[in-house]
Each structure stands twice: as C-alpha cells, then as structure tokens.
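Structural overview for review
Here is how the chains run, residue by residue.
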Amino acid sequence: MKVTVVGAGAVGASCAEYIAIKDFASEVVLLDIKEGYAEGKAMDLMQTASLNGFDTKITGSTSDYSKTAGSDIAVITSGIPRKPGMTREELIGINAGIVKSVAASLVEHSPNVILIVVSNPMDTMTYLAHKVTGLPKNRIIGMGGALDSARFKYRLAEALEAPISDVDGMVIGGHSDKGMVPLTRLATRNSVPASEFLSEERLQQVLEDTKVGGATLTKLLGTSAWYAPGAAVSGLVQAIACDQKKIFPCSTLLDGEYGLSDLCIGVPVVLGRNGIEKIVEINLSDAEKAHLEESAAGVKKTNSLI
Ligand SMILES: NC(=O)c1ccc[n+]([C@@H]2O[C@H](COP(=O)([O-])OP(=O)(O)OC[C@H]3O[C@@H](n4cnc5c(N)ncnc54)[C@H](O)[C@@H]3O)[C@@H](O)[C@H]2O)c1
C-alpha cells in the first residue's frame, strides 16, 4: 500500500505521522513545493520510527511526481490555510490553482489512485478534482465530515460529562461554519439518544460550538488546526487501505442522492478498498433536509467561482 501526501505542512505531516504510527502502509511519500521541506519532514518522521515502533517507509520530495508513481491513495493538503477571521471560502483563489495542477499530476503518475481532497474550500476543491481528472466518483473523496464529526463528539462528550468512547454522532453537509449539519437527533450516549440527557438548549449549544470548531482553533493558533484533521484523514486512508467498510461522512459527487446533484457535499458513505463503495441515504427530518439543501446551495455558489 503506497500513500502519497501532497503538502508537507501542518496537516500533511500530521496525516503522514498518524498513517505511519498505525503501521498499515508500506510507504508514504510526502511532496511539497517548498525546497527540501518534504525531505526534512520525512527524515524527521523516519527518526521517530524506532521510538514509535513502525516500519512504514516515509520519503520526501520537492515536487518530483515520478516519486509518487503507483500510489494507491493520494491525499491533497497543498494550499494555504485560513487565518483568524477568514472563511474557508476565501481561500478559493489560490487553492483552486494548486489543487488543479496537483490532482492532474497525481493521476498522470498513478492512474489507479484514490484521491482524498483536504485543501479548502474542501467541497469545491473535491468537485474541482472531478472536473480536472474525470476519475470515477468512487475514487474522489473529500475529507471534512470525519473531522467535523470528531469535533461534534468532543463537544457532546463535554456536555454529557461522558467519556468520548461512549458517544456517537455525525455531521453531514458542507464543510463550512454555516453549511455543517450536525445530526443532533441521532447523537447517542451508548445507544441512548443524547436528548435523553441534554436539554434542547444545551444540544443547540453543542451544535453551535461544533460549527465554529475550526474557527475557534484558528483564533487560538493563528492558523488552522492540524492534529484532528491529520487523524481524520488517516482514518479514511486506513479504512480504504484495510478494506474496513466503515461509514464516514465524506464529500462525494451526488447524482440524485438526497435530492441533490452536480456537487460534492458531505453525506455518509461506506469506505473500502474501492474508495466510496456506497452512499448511505438515511431518512432526514424536514428540518435536516432543509438545512442540507441550504448547505448545498452555499456549496454550489462557491463552485460557481471555479
Ligand atoms: N478539510 C479539512 O477538514 C481541513 C482541515 C484543516 C485544514 N484544511 C486545509 O488544508 C490545507 C493545508 O493546511 P495546512 O495547515 O497544512 O497548511 P500549511 O501551510 O501548513 O501547509 C500547506 C503546504 O502546502 C504546500 N504547497 C503549496 N502549494 C503547493 C503545490 N503546488 N504543490 C505541493 N505543495 C504545495 C506549502 O508549501 C505548505 O507546506 C489548507 O487549505 C487548509 O485550509 C482542511
């Protein structure tokens, strides 16, 4: 299993580290446009191998795509992150150009690759990757919902005063502060609906805190977060590499599912060796449906800018 990660910055390096520590891939290639940067990160990470007990081989390269040839999975994290006060949508001008050229180069050297798009605005960048590469829809996956769901579970556990392992919940919709649709109705603590424990007001607060999860961290850190994004990407990579058939909310090209088409947006999917093996259509309440439709309209508006 060969995995390429383009962009050896905060998210890319964190993602490579988690993949290596989980020790399921034979090789991770880090690639970055900044001279020597990916080589340096790869060497530093390799020097943790004996300490962390993994055998994954990590190499780095400055934009030499021949080193990525034959990749099974490639993650695109190249691009600029937001600064405090910025929306993800404001990154489109620079990131669209980067994602376009990176996606084309990856597919040129690895025609069978499964692409995972992370760069923001992620839903639009995932849609752009489709337009540029023409890959089948099961082989282009946008990562956002897995991270937003992890943030949702963090806030739920905090409100419930419960261990996170006791909590479950999912966020669908667009990967933006306004577009996220946290499914509080379906959130549970060990199979018991969270609403049995929390008031409507407290659940609403969990929902609001989840939506601004990224912005809260960007304000604290001065740039966007990387540990949870890296871990979320590594979860998707592992589900594909190990053919786990796990359900994650991922941005995928819809063709009538949820009454939506011609856009990429977060919905639950089954991930396995073929990438997106199934789009799972769950029954949404009228309010959730309306929220998802509103979110889709926002994504389409951003798509119109590419
Ligand atoms: N989808 C999500 O859930 C999620 C979460 C966090 C961050 N992000 C996004 O991921 C992206 C990366 O964030 P980060 O914090 O790692 O940023 P970063 O600045 O730390 O790293 C980005 C790296 O991309 C490299 N790069 C730029 N253009 C390139 C090109 N053409 N080819 C190869 N490498 C190139 C840069 O040199 C840099 O090292 C941002 O767009 C950010 O908004 C998405």
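Residues numbered from 1 in each chain as written. Predicted model: local features only at pLDDT ≥ 70, side-chain atom pairs only at ≥ 80, totals over all residues. Heavy atoms only, no water.

**Considering the domain arrangement of the protein**
Domain parsing of the protein yields domain 1 (2–144) and domain 2 (145–303). If you average the C-alpha positions of domain 1 and of domain 2, the two centres end up 21 Å apart. Each partner contributes residues to the interface: domain 1 has 38 residues there, and domain 2 has 53 residues. Together, the buried faces of domain 1 and domain 2 total about 3600 Å²; carbon and sulfur atoms form 63% of this surface. If you look at where domain 1 meets domain 2, you find 4 salt bridges. (Domains from an automatic or database assignment. Contact = heavy atoms within 4.5 Å. Buried area = accessible area lost by both parts, 1.4 Å probe. Salt bridge = Lys/Arg side-chain N within 4 Å of Asp/Glu carboxyl O.)

**Thoughts on the nonpolar core**
In a soluble, globular protein the nonpolar side chains are often hidden away together inside. By size, the foremost hydrophobic cluster in this structure holds 53 residues, and its most contacted members are Leu30, Ile116, Ile141, Met143, Leu236, Val237 and Leu271. At 7 residues, helix 9 (residues 227–241) tops the list of elements feeding residues into this core. Two domains share this core, each providing at least three of its residues, namely domain 1 (2–144) and domain 2 (145–303). Filtering out sequence-adjacent residues up to four positions away, Met143 remains in contact with Ile116, Val117, Val118, Met122, Pro229, Ala232, Val233 and Leu236. Counting 20 residues, the second largest nonpolar core, distinct from the first, contains Tyr65, Val117, Leu128 and Leu135. (Core = buried A, V, L, I, M, F, W, Y, C linked by side-chain atoms within 4.5 Å. Buried < 20%, exposed > 50% of the residue type's maximum accessible area, 1.4 Å probe, protein only. Helix = DSSP H or I, 4+ residues; strand = E, 2+ residues; numbered from the N terminus.)

**Let's talk about the packing of aromatic side chains**
Summed over the entire model, instances satisfying the criterion amount to 1 aromatic pair. Aromatic pair Trp226 and Tyr227: ring centres 5.7 Å apart, planes at 50 degrees, arrangement tilted. The exposure class of Tyr227 is exposed, given its relative accessible area of 55%. Above the ring of Tyr37, the side-chain terminus of Lys34 is found at 4.0 Å from the ring centroid. (Phe/Tyr/Trp six-rings, centres within 6.5 Å; stacked < 30°, edge-to-face > 60°. Lys NZ or Arg CZ within 6 Å of the ring centre and 35° of its normal.)

**A few points about the packing of helix 1 (residues 10–22) against helix 9**
Where helix 1 meets helix 9, the axes come as close as 8 Å, and the angle between the chain directions of the two elements is 50 degrees. Classified by the angle between their axes, helix 1 and helix 9 sit oblique to one another. Judged by the twist between their axes, the crossing of helix 1 over helix 9 is right-handed. Mapping the contact onto sequence places Val11, Ser14, Cys15, Tyr18, Ile19 and Lys22 in helix 1 and Tyr227, Pro229, Gly230, Ala231, Val233, Ser234, Gly235, Val237 and Gln238 in helix 9. Across the contact of helix 1 with helix 9, the residue classes tally to 9 nonpolar, 5 polar and 1 charged. (Axes fitted to C-alpha atoms, helices over the stretch in contact; angles between N-to-C directions. Parallel < 35°, antiparallel > 145°, perpendicular 65-115°, else oblique. Left-handed = near helix turned anticlockwise from the far one by under 90°. Nonpolar A, V, L, I, M, F, W, Y, C, P; charged D, E, K, R; others polar.)

**Examining the site of the ligand**
Lining the immediate surroundings of the ligand are 29 residues, of which Ala10, Val11, Asp32, Ile80 and Met143 lie closest. One nitrogen or oxygen atom from the side chain of Asn95 is found 3.2 Å from an oxygen atom belonging to the ligand. The set of elements that each furnish at least two residues to the shell around the ligand consists of helix 1 and helix 4 (92–109). Looking at the shell around the ligand residue by residue, the classes come out as 16 nonpolar, 11 polar and 2 charged. Both domains that meet at the shell around the ligand, namely domain 1 (2–144) and domain 2 (145–303), each give it at least three residues. (Near = heavy atom within 4 Å. Polar contact = N/O pair within 3.5 Å; in protein donor to acceptor, adjacent residues only side chain to side chain.)

**Quick look at the environment of Ala194**
The topology assignment puts Ala194 in the loop between strand 11 (192–193) and helix 7 (200–211). Non-local contacts of Ala194, meaning those with residues more than four positions away in its chain, are made with Leu156, Leu160, Ala187, Thr188, Arg189 and Leu203.

**Quick word on the packing of helix 4 against helix 5 (residues 122–133)**
Packed helix pairs are specified by the crossing angle of their axes together with the interaxial distance, meaning the distance between the axes. Following both chains from N to C, one finds helix 4 and helix 5 inclined at 40 degrees, their axes separated by 9 Å at the closest point. With respect to helix 5, the element helix 4 is oriented oblique. Read as a crossing pair, helix 4 and helix 5 show a hand that is right-handed. Counted together, Ile92, Asn95, Ala96, Val99, Lys100, Ala103, Ala104 and Val107 of helix 4 and Thr124, Met125, Leu128, Val132 and Thr133 of helix 5 form the full contact between these two elements. By residue class, the composition of the contact of helix 4 with helix 5 is 9 nonpolar, 3 polar and 1 charged.

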